[in-house]
Amino acid sequence: MNSVSVLAAPEIHAPPVEFSQLAPMLIVFGAAIVGVLAEAFVARPARYAVQFPLALVGLAAAFCWTLWLGFSEKPQHAAADGAVAVDGPTLFIQGTILVLAMLSLLLIAERAQDAFTAQAAALPGSEAEQESMADGGIQTEIFPLTLFAVGGMMLFPAANDLLTMFVGLEVMSLPLYLLCGLARRRRLLSQEAAVKYFLLGAFSSAFFLYGTALLYGYAGSVRLSAISAALSRSGGSETLLLAGVALLSVGLLFKIGAVPFHPWKPDVYQGAPTPITALMASCTVVAAVGAALRVFYVAFETLRWDWRPMMWGVAILTMMVGAIVAITQTDIKRMLAYSSIAHGGFLLTGIVATSESGLSATLFYLAAYGFTTVGAFAIVTMVRDTTGEAGHLGRWAGLGRRSPVIAGIFAFFLLAFAGIPLTSGFTGKFAVFQAAADGGAVPLVIVGVLSSAIAAFFYVRVIVVMFFSEPEPDAPSVVTTATTATAVALGLTATVVLGVLPQPMLDLAGQAATQLFVR
Amino acid sequence: MNYVILSAILFTIGALGVLIRRNAIVVFMCVELMLNAANLAFVSFARMSGNLDGQVIAFFVMVVAAAEVVVGLAIIMTIFRSRRSSSVDDANLLKY
Amino acid sequence: MDLYIPVVVLGVLAFGFAAFSVVMGSLTGPKRWNRAKLDAYECGIEPTPQPVGGGRFPVKYYLTAMLFIVFDIEIIFLYPWAVAFDQFRGLFGLIEMALFIVTVLVAYAYVWRRGGLEWD
């Protein structure tokens, strides 16, 4: 932004950049760049051994720094000349993203499950592919790509102006498009998922950008606080404003996967390599909801009587369609995708509340949902037969008899999704619905409870299939490895702890929310 | 103001193109058209409001669009090589 | 209007030089034609025959185009920076741009080491 003043003022002074407050993002991006260098200069066999620790250490260091920022500095600050807001919600969301990304990284790094193609450029079914498969390597570019995506996810909800938000959105999405197409098995499916995700994602970000352009035309600035200020001045063109808000919302709702803009979600979740699905289903949703919270709470708060009816409709549709369509699914990843759509609806309920309790409830829900999701997808990667992951629900029949522990944990995750008491899902839903009811959205809460009931039906159906039907003779077996097991264990622990002892986390979310958004 | 209207028209053409055209590359070009329509809007709003933010934003958008082109072409190329077709109708393995 | 006189002069000079070279070349140079010389000129690269059944380009073109776009577009940030360079106070502008270029160089190193720049 400093080149704006370039032409106006004869002298340009360095803009203030608070590197210490931006450090978590800078560490992640730095690790990603070092990862690219490692791809270039480290010999192929040694790459995995370099990339995985590098990525893990980068994420862990960023997380430690975030914790330190949160507990010692308590920043309430718009850093980098106001482009990035470092405040309570930002730090909470960034911390959540980093932890979830570490868990997903454990799945991504799993070599025994060979989820990723050895060479993305080789044609499916060609000799080159056979050769590179036989070498036993994987495309180690996934690590830097993941780090770039995570960095974008951290920037997206922290952005304090719409341009930074757009850049964050793209930095988050572009690596994900590529990662989607890298599955080792069912490569055509995976590539198709990548094309669909890319075309629809680019389409939606074009909407986001045009919305930004219209809002810039309305307010003369893309800074969220400036838009909010322009709103309270109430001059300018209503048409520009409302069209801008609508187009911007399309872009944001697409990333959350809310209903009129959801069709990409099941396709992409099914086609992408399962570790990447875990990353998308947890971290991307957290980032997108975080960004939506900031936009609607900071920029459009004074306008809430105008956007609330629209968001009501979207939330209701999302909860109902997600829950109802999930019933007919026969593929486990597709079913989880529809379940994730329904959860997007619950999260929108928290956004609609536009209150401090709505904010803290949404933050808590994001953390709770993220852990359960990563855990559930981790188990999906473990259940395998000779052709790779056993995706079809029928193949899961009798899993409870063959490996009761894994099936039991999966059942527990499903119950958490359904929102049964003593799981994190219950606490999260309760908090969100309470906030929504306080905000006067009682019908929304009723729809939410109804949708939860419908959702419980298909979750329980999966549990019944796993425990009360005979296994097929060639039923898939459970392949357990150290890293995947760690991811499952951590997801399980978080789900239990947030369900039984939610208070510390609720307090943390509450604290983050009381700082509210910096303007 | 005329430029804003022109940009709105371009945006609409792009959006319609995405919905109607079947070739992935053409769809993608329509998305680029939408991004450039946004750029035009940014620049003309910058002129109307008298601050230069919009022009700077246009630079950023161009860079992001270029990165998007690269990623998009790579993905479309891969699927084209494995299927010999870049029609979005042929991509139909993922269904409910 | 005075501002534009140098531009016009330069344009006339450029046009004149081009016309002079072409005319003088055709008048004075030896004319020994062969197949290679009659081929279409494609900026020095050997012309690629059009494939049968419609102009599909080899994947190599896309690869090169992609690399070109990525590296070319970075210039966008360099121009405004260069224009305003003498207005910067302190080293901040210089360091930031150095960081930016190093980042681009990292991508370049990756492409180079992984064989992205080899034509065949």
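What comes next concerns the included structure. Please read these numbers as outputs of a predicted model, since none were measured by experiment.

## Description of the overall build of chain B
When you go through chain B residue by residue, the secondary structure sums to 3 helices and 0 strands. Order of helices (α) and strands (β) in chain B, N terminus to C terminus: α-α-α. Going through the 96 residues of chain B one by one, you find that 40% of them count as buried. Once local pairs closer than 6 in sequence are excluded, the contacts in chain B between residues at least 24 apart make up 45%.

## Details of the interface of chain C and chain B
On the side of chain B, 9 residues touch chain C, which itself brings 8 residues to the contact. Secondary structure elements with two or more residues in the side of chain C that touches chain B: helix 3 (59-72) and helix 4 (75-83) of chain C. Among the elements that line the side of chain C that touches chain B, the one with the most residues is helix 3 of chain C, at 5 residues. Residue composition of the side of chain C that touches chain B, by class: 8 nonpolar, no polar and no charged.

## Some words on the sheet that holds strand 3 (residues 383-385) of chain A
As a general point, the strands of a sheet are linked pairwise by backbone hydrogen bonds and lie either parallel or antiparallel. Residue and element names in this part refer to chain A. Taken together, the 3 strands give an open sheet; going across it, the order is 4-3-5, and neighbouring strands pair in antiparallel fashion. Pairing within the sheet leaves two strands with one partner each, and these edge strands are strand 4 (388-389) and strand 5 (477-478). Sheet topology places strand 3 next to strand 4; 2 bridges connect them, and they run antiparallel. Considered in strand 4, the bridge of aspartate 385 is made with glycine 388.

## Remarks on the nonpolar core
Core analysis: the largest hydrophobic core is formed by 228 residues, its most contacted members being A:Val28, A:Ile97, A:Tyr210 and B:Ala38. Of the residues forming this core, the biggest block, 20 residues, is contributed by helix 9 (residues 187-219) of chain A. For A:Ile97, the residues in contact, after removing those within four places along its chain, are A:Val150, A:Met153, A:Met154, A:Cys283, A:Val286 and A:Ala287.

## Overview of the packing of helix 7 (residues 142-158) of chain A against helix 13 (residues 274-299) of chain A
All names here are of chain A. Remark: helix 7 packs on helix 13, axes separated minimally by 7 Å, with the N-to-C direction vectors making an angle of 25°. As the angle between them shows, helix 7 and helix 13 are arranged roughly parallel. Two packed elements cross with a definite hand, and for helix 7 against helix 13 that hand is left-handed. The residues of helix 13 that touch helix 7, namely those facing Thr146, Val150, Met153, Phe156 and Pro157, are Leu279, Cys283, Thr284, Ala287, Gly290, Ala291 and Arg294. In the contact of helix 7 with helix 13, the residues fall into 8 nonpolar, 3 polar and 1 charged.

## Brief notes about the interface of chain B and chain A
Facing 38 residues of chain B, the contacting portion of chain A comprises 42 residues. Listed by contribution, the elements that provide at least two residues to the side of chain B that touches chain A are helix 1 (2-20), helix 2 (24-49) and helix 3 (53-83) of chain B.

## Here's the deal with helix 22 (residues 503-514) of chain A
Residues and elements named next belong to chain A. With 12 residues, helix 22 should reach 16 Å at 1.5 Å per residue; the first-to-last C-alpha distance of 16 Å fits that figure. Listed in full, the buried residues belonging to helix 22 are Met505, Ala509, Ala512 and Ala513. Considered in projection along helix 22, the buried side chains sweep an arc of 100° and stay on one side of the axis. Exposed residues lying more than 90 degrees from the buried face of helix 22 are Gln503, Pro504, Asp507 and Thr514.

## Here we look at the packing of helix 9 of chain A against helix 11 (residues 238-256) of chain A
For any two helices packed against each other, one specifies the crossing angle of their axes together with the interaxial distance. Residue and element names in this part refer to chain A. In contact at an axis separation of 7 Å, helix 9 and helix 11 are set at 150° when each is read in the N-to-C sense. Regarding the angle of helix 9 to helix 11, the classification is roughly antiparallel. Judged by the sense of rotation from one axis to the other, the crossing of helix 9 with helix 11 is left-handed. Side by side, helix 9 and helix 11 meet where Ser204, Ser205, Phe207, Phe208, Tyr210, Gly211, Thr212, Leu214, Leu215, Gly217 and Tyr218 of the first sit next to Leu240, Leu241, Ala243, Gly244, Leu247, Leu248, Val250, Gly251 and Phe254 of the second. Classifying every residue of the contact of helix 9 with helix 11 gives 13 nonpolar, 7 polar and no charged.

## A closer look at unusual backbone geometry
Residue and element names in this part refer to chain A. Look at threonine 354: it is not a glycine, yet its phi comes out positive at around 40°. Relative to the helices and strands, threonine 354 resides in the loop between helix 15 (332-352) and helix 16 (356-382). Phi at leucine 422 takes a positive value of approximately 75°, unusual for a residue other than glycine. Mapped onto the fold, leucine 422 is located in the loop between helix 18 (404-418) and helix 19 (424-438). What makes leucine 422 partly exposed here is the crowd of 14 C-beta atoms within 10 Å.

Rules used in this analysis
- Residue indices follow the written sequence of each chain, beginning from 1 at its first position.
- Each chain is given a letter, starting from A, and each ligand a number, starting from 1, according to the order in which they appear as written.
- Since the coordinates come from a predicted model, pLDDT governs what is reported: local features require at least 70, and pairs of side-chain atoms require 80 or more to be given and counted, while whole-chain, interface and lining totals use all residues.
- Going along the chain from the N terminus, every DSSP run of H or I of four or more residues is numbered as a helix, and every run of E of two or more is numbered as a strand.
- Here a residue counts as buried when 20 or more other C-beta atoms fall within 10 Å of its C-beta, as exposed when 12 or fewer do, and as partly exposed in between; the C-beta atoms come from the backbone.
- Our contact criterion uses C-beta atoms placed from the backbone: two residues qualify when those atoms are within 7 Å.
- Under the scheme applied here, ten amino acids are nonpolar (Ala, Val, Leu, Ile, Met, Phe, Trp, Tyr, Cys and Pro), four are charged (Asp, Glu, Lys and Arg), and all others, including Gly, are polar.
- Here, strands pair whenever DSSP counts at least two bridges between them.
- Working definition: the nonpolar core is a set of buried Ala, Val, Leu, Ile, Met, Phe, Trp, Tyr and Cys residues, joined through C-beta atoms within 7 Å.
- Fitted lines through C-alpha atoms give the axes, limited to the stretch in contact for helices. The angle between two N-to-C directions lies from 0 to 180 degrees.
- Reported orientations rely on four angle classes, namely roughly parallel under 35 degrees, roughly antiparallel over 145, roughly perpendicular from 65 to 115, and oblique for the rest.
- For a crossing to be left-handed, the near helix must be turned anticlockwise from the far one by less than a right angle; the clockwise case is right-handed.
- Each residue after the first adds 1.5 Å to the expected span of a helix.
- This arc corresponds to the set of directions leading from the helix axis out to the C-beta atoms.

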